[in-house]
Amino acid sequence: VQLQASGGGLVQAGGSLRLSCAHSGSIRSFNVLGWYRQAPGKQRDMVATIISSSGRTTYADSVKGRFTISRDNAKNTVYLQMNSLKPEDTAVYSCNAVRGYQNYWGQGTLVTVSS
């Protein structure tokens, strides 16, 4: 399983970024797709998840109303639209895919939000 994350970068507070996570095969094969982040010196936390079959989404309280997770089955890609970014959103963002009891991770992409 290959998950390729992209879209990170440097942005000013209040700005937006869109992260993408592309899979080499069909994302329909996964039960849950998600984005996680890890800030320096902190543990990795869930940001947003989406159930592949239903499209039902879950968000961390800290990003509700600002971030949106979505998927494009035709492109085998999961997105994380991040608006109204804050300095505390600075972290390495990684995509995750769950299939049964298997947990897959893509490489991280760094998001830096300057104040």
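Structure shown above.
Right, let's walk through the structure included here.

### A short note on the packing of aromatic side chains
Then comes step 1: Using the criterion set out here, one finds two aromatic pairs in the structure.
Then comes step 2: An angle of 65 degrees between the planes, with centres 6.0 Å apart, marks the rings of Phe30 and Tyr104 as edge-to-face. With Phe30 in the loop between strand S3 (17-23) and strand S4 (32-38) and Tyr104 in strand S10 (residues 102-105), the pair connects residues that are 74 residues apart, well separated along the chain.
Then comes step 3: Of the residues examined, Phe30 reaches a relative accessible area of 2% and is grouped as buried.
Then comes step 4: Ring plane angle 70 degrees and centroid distance 5.0 Å describe the contact between Tyr36 and Trp105, whose orientation is recorded as edge-to-face. Remark: Trp105 occurs in strand S10 and Tyr36 occurs in strand S4; sequence separation between them is 69 residues.
Then comes step 5: The ring centre of Trp105 lies 3.6 Å from the NZ or CZ of Arg44, which sits over that ring.

About the cut-offs
Residues numbered from 1 in each chain as written. Predicted model: local features only at pLDDT ≥ 70, side-chain atom pairs only at ≥ 80, totals over all residues. Heavy atoms only, no water. Phe/Tyr/Trp six-rings, centres within 6.5 Å; stacked < 30°, edge-to-face > 60°. Helix = DSSP H or I, 4+ residues; strand = E, 2+ residues; numbered from the N terminus. Buried < 20%, exposed > 50% of the residue type's maximum accessible area, 1.4 Å probe, protein only. Lys NZ or Arg CZ within 6 Å of the ring centre and 35° of its normal.

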